[in-house]
Amino acid sequence: MPSKNTICLWYDGDAVDAANFYAETFPDSAVHAIHRAPGDYPAGKEGNVLTVEFTVAGIACLGLNGGPHFKHSEAFSFLIATDDQAETDRLWNAIVSNGGQESECGWCKDRWGLSWQIAPRALTEAVFGPDRAAAKRAFDAMMTMKKIDIATIERAVLGRD
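Rules used in this analysis
- Residues numbered from 1 in each chain as written.
- Predicted model: local features only at pLDDT ≥ 70, side-chain atom pairs only at ≥ 80, totals over all residues.
- Heavy atoms only, no water.
- Helix = DSSP H or I, 4+ residues; strand = E, 2+ residues; numbered from the N terminus.
- Buried < 20%, exposed > 50% of the residue type's maximum accessible area, 1.4 Å probe, protein only.
- Contact = heavy atoms within 4.5 Å.
- Areas by Shrake-Rupley, 256 points an atom, 1.4 Å probe, with all protein chains shown as cover.
- Lys, Arg positive; Asp, Glu negative; His and termini not counted.
- Charge placed at Lys NZ, Arg CZ, Asp CG, Glu CD.
- Core = buried A, V, L, I, M, F, W, Y, C linked by side-chain atoms within 4.5 Å.
- Pairing = 2+ DSSP bridges.
- Expected span 1.5 Å × (residues − 1).
- Arc of directions from axis to C-beta.
- Polar contact = N/O pair within 3.5 Å; in protein donor to acceptor, adjacent residues only side chain to side chain.
- Salt bridge = Lys/Arg side-chain N within 4 Å of Asp/Glu carboxyl O.
- UniProt positions renumbered as here; feature names shortened; annotations may be inferred.
- Phe/Tyr/Trp six-rings, centres within 6.5 Å; stacked < 30°, edge-to-face > 60°.

> An account of the overall build of the protein chain is needed here, citing residue identities and associated values.
The helix and strand inventory of the protein chain stands at 5 helices and 8 strands. Its C-alpha atoms give the protein chain principal-axis dimensions of about 65 × 25 × 25 Å. Buried residues in the protein chain amount to 40% of all 161 residues. Contacts in the protein chain between residues far apart in sequence, at least 24 positions, make up 55% of those at least 6 positions apart. If you sum the accessible surface of the protein chain, you get close to 8800 Å²; carbon and sulfur atoms cover 54% of it. With 15 positive and 22 negative side-chain charges, the protein chain shows a separation of 4 Å between the mean positions of the two kinds.

> Lay out the nonpolar core with the relevant residues and their values.
Counting residues in each nonpolar core, the largest one holds 24 residues, and the members touching the most others are Y11, Y22, F26, F54, V56, W116 and I118. Contributions of two or more residues to this core are made by β1 (7-11), α1 (15-25), β3 (49-56), β5 (77-82), α2 (85-97) and β8 (115-120). If one sorts the elements of this core by residue count, α1 sits on top with 5 residues. Residues C105, M145, I148 and A156 belong to the second largest nonpolar core, which totals 11 residues.

> Please provide a residue-by-residue account of the sheet that holds strand β6 (residues 101-102), values included.
The 4 strands are arranged β5-β8-β7-β6 in an open sheet whose pairing can be described as mixed. Both outer strands of the open sheet, β5 and β6, are each paired with one neighbouring strand and no more.

> Pulling in residues and values, what's your account of α2?
End to end, α2 covers 17 Å across 13 residues, agreeing with the expected 18 Å (1.5 Å per residue, within 8%). Within the span of α2, buried status applies to E87, T88, L91, W92, A94 and I95. The buried residues of α2 all sit within an arc of 160° when viewed along its axis, so they share a single face. Of the exposed residues in α2, the ones pointing more than 90 degrees away from its buried face are A86 and S97. As for α2, its buried residues are in contact with α1, β5, β6, β7 (107-109), β8 and α5 (150-158). Structurally, the start of α2 carries an N-cap: the backbone nitrogen of A86 is 3.3 Å from a side-chain oxygen of D84.

> Please set out unusual backbone geometry residue by residue, giving values where relevant.
Phi angles above zero are rare outside glycine, and A57 is one such case at about 50°. Tracing the chain through its elements places A57 in the loop between β3 and β4 (59-65).

> Residues and numbers for the pattern of salt bridges, please.
Counted by the stated rule, this structure contains 4 salt bridges. The shortest N-O distance in the salt bridge between D140 and K136 comes to 2.8 Å. Taken together, the positions of D140 and K136, both in helix α4 (residues 132-142) and 4 residues apart, correspond to about one turn of that helix.

> Account for the UniProt feature "domain: PhnB-like" (unreviewed entry) in the protein chain, naming residues and giving values.
Here the UniProt feature "domain: PhnB-like" (unreviewed entry) sits at residues 4-118. Between the end C-alpha atoms of residues 4-118 the distance is 27 Å, and the span holds 21% helix and 37% strand.

> Account for the packing of aromatic side chains, naming residues and giving values.
All chains considered together, the criterion is met by 9 aromatic pairs. Taking 4.9 Å as the distance between ring centres and 80° as the angle between the ring planes, the aromatic pair formed by W10 and F70 counts as edge-to-face. One end of the pair, W10, is in strand β1; the other, F70, is in the loop between β4 and β5, and 60 residues separate them in sequence. The partly exposed category is assigned to W10, whose relative accessible area is 26%. Judged by centre distance (5.6 Å) and plane angle (80°), the ring pair of F76 and F78 falls under edge-to-face. Within the aromatic cluster, the residues linked to one another by ring pairs are F21, Y22, F26, F54, F76, F78, W112 and W116.

Dropping the structure here:
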């Protein structure tokens, strides 16, 4: 049974694939239950997978195989805070190399169209830190990136870009 507040994500018949990918890729993620439709519905037939209960980085989600009518957009995304460059690279590369696509400033999309921001904690600390000149340098450096490069952000903070 989903938790009291669960994010419902719409898929076009491949919610199980998405949930399995997230469970394999992100820490504190798992597939909990797969539910089949008790009858025919607009996007499928009785017995088809209707919903998948899963967590992504500790967030309760429900994948709904609702058909092609509604697509994911950048208006909703997951922000994943990473601790170092290795974790940043691993998560970014997993999403992009599995049919996803790169975007700007640490953003990418998975193959299902869901947006992710893979954001190193070093970036967040730099951009929102008390030294506003260093924050601007870090922000300006980020604006030139796709995947975030922590070493470049750290050099920008120090004024060594």
